Amino acid sequence: MNQVLTSRSALEMSATHSKDALASHQTVRTPDPDAHPSRLRADGVSVFYGDKQALFDVSIDIPEKSVSALIGPSGCGKSTFLRCINRMNDTIEGCKVTGDITLDGQNLYDGNLDVVELRARIGMVFQKPNPFPKSIFENVAYGPKIHGLARNKTDLEEIVVTSLQKAGLFEEVKDRLHSPGTGLSGGQQQRLCIARAMAVGPEVILMDEPCSALDPIATAIIEELIDELRSNYTIVIVTHSMQQAARVSQKTAFFHLGKLIEEGPTEAIFTNPREKRTQDYITGRIG
Amino acid sequence: MSDLSNQTKAAGEDRHALVRKGLARRHRTEWLFRAAGLTAVILALGFVAILFTTIVSKGLPAFQQAYISANVQFDPELLNLDPAPERQAGQSQADFQAQSFAWQRELAMLNWNALVEASLRDLLPIGFEIDSRQLLSIVETSERHRLREMFVADPSLLGQTVPVEMLASANVDNWLKGTINRELGDAQQQLSAPARQLADEFYENGVIHMGFAWALLTNVDSRSAPASAGLAGAFMGSLYMLLIVIVLAVPIGVASAIYLEEFAPKSRLTDFIEVNINNLAAVPSIVFGLLGAAVFINYFRLPLSAPLAGGLVLTLMTLPTIIIATRAALKGVPQSLRQAALGLGASRSQMVFHHILPVTFPSILTASIIGVAQALGETAPLLLIGMNAFVAQIPTSPMDQATALPVQIFLWNGNENRNFFEARTSAAIMVLLGLMISLNAIAIFLRTYLERKK
Amino acid sequence: MNSLMIAAILLVLLGLAYQVGWSRSRALATSGGGRFHSRFHYHGALVAIWAVAPAALILGLWALFGQTVSASYVQSLLPVELVSAGGNPLATAISRVRALASGYGVAGEVADYEAAAADALARFQLIVTLIVVGSAAACGILALLFARRRITPRLRARNQVERAITLLLVACSAIAILTTVGIVASLVSEAIRFFTFVNPLDFFFGTVWNPVFSSTGGGSGRYGLLPLLWGTTMIAIIAMLVALPIGLMTAIYLNQYAPRGVRAVVKPIVEILAGIPTIVYGFFALTTVGPFLSGFGAMIGLDIRGTSALTAGLVMGIMIIPFISSLSDDILSQVPTSLRDGSYGLGATQSETIRRVLLPAALPGIVGAFLLAVSRAIGETMIVVLAAGNSPVLRANPLEPTSTVTVSIVNQLTGDTDFTGPQSLVAFALGLTLFVITLCLNVVALYIVRRFREQYD
């Protein structure tokens, strides 16, 4: 089905163009010579909820081992796009995705691809910290356990400890690993969720406004953590805070009304936006 | 730096391979789990299907019943009797009653069986020999009472010959429907050999035919005449009880829900009432029966077997259901509506009665009807307050002896004439379920209708 | 004096008083009495409450105690020896006098004293009725006039009417409490009477249930609770073994897997099972499931009786399926989707998410539902009355007939409301046991469910 739709997307693209001539659909792209190579690419992705189209023909390359930020006013489709990358939209009834998203050249929407395997490679951190009602240890051990990553108990303990260390949480919780994860503070819970995602050993981590439910101090800690993580992981972060995007990301993509308006190196986007709407958003005129 | 990154990459690929290895097993588990879920659903649906098909397949035949078309001559020689007494001036009501009873007794002593027998003898095939007892055994015993009542209602029948559709006896009904094994020997058959043969011949030449079993719906219960046993008495009993439940449980339930949800201060007492009501909703129904027996019957001396006592017991039982459902409906009203009303200067009760109740009316109505339908199907508590009495008359007031539809089902189920009553009981269940389903359908219809109107 | 007429009079009084209050306040307002605090119809309602409440109170008291008063009056008219003899003859005499007084008459000779008493009673009734109705009417009208005089622009009629309404609402909520009090009081008092016949130890720890019905009363019969309790437990266990897996898996499938269309069709059909009267299940068990099981048993060489713990338990399990499935469905729906997403985001399959995240999170709620279902199974009556075989013997084999607490309550009390001997009183001791067990289960279950709901609110 995907193949058919992809081949049609070129036709559709021209149709949308003529219909929507004023709001040009062409994404403005500023190339970044220093960018890491991209293993994750999106090409002509559109998303429909029932009859309603939420995302229009988005194409973008996500460079590896760096942070890419998706920004834009609420309802612009940035979260929808993020959830396409590990096919979380599959869990929503009536949601249909067309176009290609590829990881190492393999189409994620290929019928043969196992979504379970995909999500083990592309982890996700959500807007609201959502630790399972289990102990801290069990929260982190959950992924390795279901995927069978640990051969024995020591293996599992090692994975849990490393993940907690990477998430910068270990020192804070090492003497209460077996108390419930829901008992932690909001910022700690979110770091627990990050540790949980890393325990599976993903290559890509998707973060959906990970700091929106946190106070400024917890936010700062998470931001530092994201900065540390980018040496090993490809991170895509959705944020409604432009400052956050400017602080943590190397690449920024601006979404508006379901369309990808402009993308480029973060610095370029923030200092020298080429598209009027991007400029308006960054200066606070639309939001 | 790049060394570390290579290391993680290697570890990542290692993990990746592990994930792959487990995939097949995990998908199998997934499939099994899903299949288990589907099996459970299919089982549950299967139970519904089996339940309904067995009851319908058992009950449907009972809606058809064997009738005998005969011409009955109200023979003046057999019916020599003074006319019915009339009340004389100056006679006390009690004296008149006594006189009437005497006349009735005399009337009953007449040989009505002879009338029935004569009418059947007219129909016998030529040369068919059968004695009186055997001949009468093909007609239900209630039919002679019916002739008597026809005569009382219309004394001018004397000397006339009129066509009457008489109920065939339950044994004939069984025999013709094949609910009794035709191969059994004489000793095990309820009907004698000539009677069986006659029934077959009558059925062939059309004297006996199958018709809709009106008796089931319009008659009262009968012990001596199974074929004429009907649900009318039990239906009226249930109706009286439902009226009592509707008159008492619905207003009281809605009122207490309104109080608890809209007026009561949040205190320990209201908390206690809430726990208490939730608990009452889960108390076994038979405990309400014990309450009824001890309080309504033994203490307040309400008449035994009366729909009044039954209705009160069912009211107490239904109250918590209605309260809980109404409270849920009230909880569903957005707080903003309350604030809007109060903000305009409405008092608390104006807010409730002008704004909240109209909005929740459809849900309250539905909840009430469903609660009432539940009460309609209740059996156990009624057994304890004597509503399993055999009642041969349609109750005319809530103080009369009566029984209820589910109790009638229980009684028929216990009847020794299993061949006949298993089908009748199923038919009674169909009537009960039909009533309950229509009540629920009305509830659903009203809700959708009222909500659309809004 | 018939009650319809009284009701009619009260209604007329009500309407009249309302009208008086309404027009009076309106007249005052139009004649420039100032701005009214409450609207006219509240004044009408207030006057109506004032007028009807005392009249209704008097008539209500008469309805409650009138019979007793007139009975003692008749007794005072009857010969002393008849009254002191008491019993049936006295009751007959009283009803004869009443029949005579009402003009219905009696069959047979009327004794002089009867005729005299009837005359006196008729006069007495007429006078008393006049007094009662008169005083009710007088009170009503006086109160009406009083309330009418109170009408002023500043009278807070609305507040007073609302207070009356609130009082009425409070009275209605009190009925729920009264019901519980009534249940506890009647069960405890009759059970105590039972324990004057039978030692509580013999009842609670006795292993033989054999309540002999005899006129001698007293020592005859053994009232051991244990066989009944065991039968109840066994049937409840079988029922839960059927209902829990099917109900829970149905809920999981409908909640997590089924497309919306399938769910919309299947859920109501399964819930039909919940609305079917238990007597129907009993009949189904007795006529279909029992014979099927014993036939099946014969096929595989097992001796399964038609009416047995297995039959009753199986059918009861079917009855409880929708109870478990709809409660579990609600509870699963209450587990936040963020937990589900979290698990999917880690690459868990749907069943892993359900088994390792959703179910543990929903566990308290499901335990609550389970306990409520157990309480229901224990209190269920008609299925076991018809299908358990009524054999109160202590034995472990579920393929044999058994009996339960509820069955014995029905057996001991049906048709007998003369609670004099232990044979009928034991029903209340059994009822008390049943009530206490289910109460504990319910309270614990409701507490758990409530805590669970608060957790995710």
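Residues numbered from 1 in each chain as written. Chains lettered and ligands numbered in written order. Predicted model: local features only at pLDDT ≥ 70, side-chain atom pairs only at ≥ 80, totals over all residues. Heavy atoms only, no water.

**Structural notes on the overall build of chain A**
Part 1: If you tally the helices and strands in chain A, you get eleven helices and eleven strands.
Part 2: Here chain A has a C-alpha radius of gyration of 19 Å; the compact-globule value for 287 residues is 19 Å, and the two agree.
Part 3: Looking at chain A residue by residue over its 287 residues, the buried ones come to 58%.
Part 4: In chain A, once contacts between residues fewer than 6 apart in sequence are set aside, the share between residues at least 24 apart is 69%.
Part 5: In the form shown here, chain A has an accessible surface area of approximately 12200 Å², with 51% of it arising from carbon and sulfur atoms.
Part 6: Between the averaged position of the 31 positive side-chain charges in chain A and that of its 36 negative side-chain charges there is a distance of 3 Å. (Helix = DSSP H or I, 4+ residues; strand = E, 2+ residues; numbered from the N terminus. Rg over C-alpha atoms; globule rule 2.2 N^0.38 Å. Buried < 20%, exposed > 50% of the residue type's maximum accessible area, 1.4 Å probe, protein only. Contact = heavy atoms within 4.5 Å. Areas by Shrake-Rupley, 256 points an atom, 1.4 Å probe, with all protein chains shown as cover. Lys, Arg positive; Asp, Glu negative; His and termini not counted. Charge placed at Lys NZ, Arg CZ, Asp CG, Glu CD.)

**Points about the pairing of strand 9 (residues 234-238) of chain A**
Residue and element names in this part refer to chain A.
Part 1: Extensive coverage of strand 9 is indicated by the burial of five of its five residues.
Part 2: Taking every second residue as pointing to the same face, both faces of strand 9 are buried, with T234, V236 and V238 on one and I235 and I237 on the other.
Part 3: Pairing of strand 4 (residues 67-71) with strand 9, which is carried by four bridges, proceeds in the parallel orientation. Of the residues in strand 9, the one forming a bridge with V67 is I235.
Part 4: As judged from the five bridges shared by strand 8 (residues 204-208) and strand 9, these two strands associate in the parallel manner. Directly across from D208, in strand 9, lies its bridge partner V238. (Pairing = 2+ DSSP bridges.)

**Concerning the packing of helix 7 (residues 186-198) of chain A against helix 8 (residues 216-229) of chain A**
Residue and element names in this part refer to chain A.
Part 1: One can describe the packing of helix 7 onto helix 8 by two numbers: an axis separation of 9 Å at closest approach and a directional angle of 20 degrees. As judged from the angle between their axes, helix 7 and helix 8 are roughly parallel. Of the two elements, helix 7 crosses helix 8, and the hand of that crossing is right-handed. Contacts between helix 7 and helix 8 involve G187, Q190, R191, I194 and M198 from the former and A218, I221, I222, L225 and L229 from the latter.
Part 2: For the contact of helix 7 with helix 8, the residue count by class is seven nonpolar, two polar and one charged. (Axes fitted to C-alpha atoms, helices over the stretch in contact; angles between N-to-C directions. Parallel < 35°, antiparallel > 145°, perpendicular 65-115°, else oblique. Left-handed = near helix turned anticlockwise from the far one by under 90°. Nonpolar A, V, L, I, M, F, W, Y, C, P; charged D, E, K, R; others polar.)

**A word on the UniProt feature "domain: ABC transmembrane type-1" (unreviewed entry) in chain B**
Part 1: The UniProt record marks residues 235-441 of chain B with the feature "domain: ABC transmembrane type-1" (unreviewed entry), using the residue numbering of this structure.
Part 2: Within residues 235-441 of chain B, the helical portion is 77% and the strand portion 0%, while the C-alpha atoms at the span's ends are 19 Å from each other. (UniProt positions renumbered as here; feature names shortened; annotations may be inferred.)

**Some thoughts on the interface of chain B and chain C**
Part 1: Residue-level contacts link 81 residues of chain B with 81 residues of chain C.
Part 2: When chain B packs against chain C, close to 6900 Å² is buried across both sides, 75% of that on carbon and sulfur atoms.
Part 3: It is F33(B), L51(B) and L290(B) in chain B that bury the most area against chain C; as a group they hold 9% of the surface buried on that side.
Part 4: Here chain B and chain C share two salt bridges between them.
Part 5: Linking R450(C) and D271(B) is a salt bridge whose minimum nitrogen-to-oxygen distance equals 3.5 Å.
Part 6: Where chain B meets chain C, there are 14 residue pairs in polar contact (both at pLDDT 80 or more).
Part 7: With 21 residues, helix 1 (residues 2-59) of chain B is the largest single contributor of residues to the side of chain B that touches chain C. (Buried area = accessible area lost by both parts, 1.4 Å probe. Salt bridge = Lys/Arg side-chain N within 4 Å of Asp/Glu carboxyl O. Polar contact = N/O pair within 3.5 Å; in protein donor to acceptor, adjacent residues only side chain to side chain.)

**Topic: the interface of chain A and chain B**
Part 1: Each side of the interface is counted separately: chain A has 19 residues, and chain B has twelve residues.
Part 2: Where chain A abuts chain B, roughly 1400 Å² becomes buried across the two surfaces, and 51% of that area is made up of carbon and sulfur atoms.
Part 3: Contact with chain B buries area across many residues of chain A, yet E117(A), L149(A) and N232(A) alone supply 30% of it, more than any other trio.
Part 4: Along the contact surface separating chain A from chain B lie one salt bridge.
Part 5: Note that E117(A) is salt-bridged to R20(B), the shortest N-O span being 2.6 Å.
Part 6: Across the contact surface, chain A and chain B share five residue pairs in polar contact (both at pLDDT 80 or more).
Part 7: Among the secondary structure elements, those contributing two or more residues to the side of chain A that touches chain B are helix 3 (115-121) and helix 4 (136-147) of chain A.
Part 8: If one sorts the elements of the side of chain A that touches chain B by residue count, helix 3 of chain A sits on top with four residues.
Part 9: In terms of residue class, the side of chain A that touches chain B is built from eight nonpolar, five polar and six charged.

**A closer look at unusual backbone geometry**
Part 1: Its identity is not glycine, yet K65(A) carries a phi of approximately 50 degrees, on the positive side.
Part 2: Here K65(A) lies in the loop between strand 3 (52-63) and strand 4.

**Some points on the environment of A375(B)**
Residues and elements named next belong to chain B.
Part 1: The topology assignment puts A375 in helix 14 (residues 348-376).
Part 2: Between the alpha carbons of A375 and E129 there is a distance of 54 Å; along the sequence they are 246 residues apart.
Part 3: With near-sequence residues (within four places) excluded, A375 lies in contact with L314 and T318.

**Comments concerning the nonpolar core**
Part 1: If you look at the biggest cluster of nonpolar residues, it comprises 239 residues, and the most contacted ones within it are L164(A), F203(C), Y281(C), M316(C), I320(C), I409(C) and L430(C).
Part 2: Considering each element in turn, this core owes the most residues, 16 residues, to helix 8 (residues 226-257) of chain C.
Part 3: Once you skip the residues sitting within four places of it in the chain, I320(C) turns out to touch M240(C), A243(C), A373(C) and A377(C).
Part 4: Of all hydrophobic cores here, the second largest spans 38 residues; its members include A66(B), L124(B), I180(B) and L198(B). (Core = buried A, V, L, I, M, F, W, Y, C linked by side-chain atoms within 4.5 Å.)

**Brief notes about the sheet that holds strand 2 (residues 161-167) of chain B**
Residues and elements named next belong to chain B.
Part 1: In space, the three strands of this open sheet follow the order 2-1-3, with antiparallel pairing throughout. Since the sheet does not close on itself, it has two edges, and those belong to strand 2 and strand 3 (208-212), each with one partner. Each neighbouring strand pair of the sheet contributes to a mean axis angle of 40 degrees, computed without reference to strand direction.
Part 2: Bridge count between strand 1 (residues 64-73) and strand 3: five bridges; the pairing is antiparallel. When the bridges of strand 3 are listed, Q64 appears paired with F212.

**As for the UniProt feature "domain: ABC transporter" (unreviewed entry) in chain A**
Part 1: Mapped onto this numbering, the UniProt entry annotates "domain: ABC transporter" (unreviewed entry) at residues 40-282 of chain A.
Part 2: Along residues 40-282 of chain A, the helical share is 38% and the strand share 27%, with 26 Å between the first and last C-alpha atoms.

**Let's talk about the packing of helix 12 (residues 307-331) of chain B against helix 14 of chain B**
Residues and elements named next belong to chain B.
Part 1: Between helix 12 and helix 14, whose axes approach to 9 Å, the crossing angle comes to 150 degrees. One element, helix 12, and the other, helix 14, form an angle in the roughly antiparallel class. As for how helix 12 packs across helix 14, the hand of that crossing is right-handed. In contact with L314, T318, T321, I322, A325, T326, A329 and L330 of helix 12, helix 14 contributes I356, T360, S363, I364, A367, S368, G371, V372, Q374 and A375.

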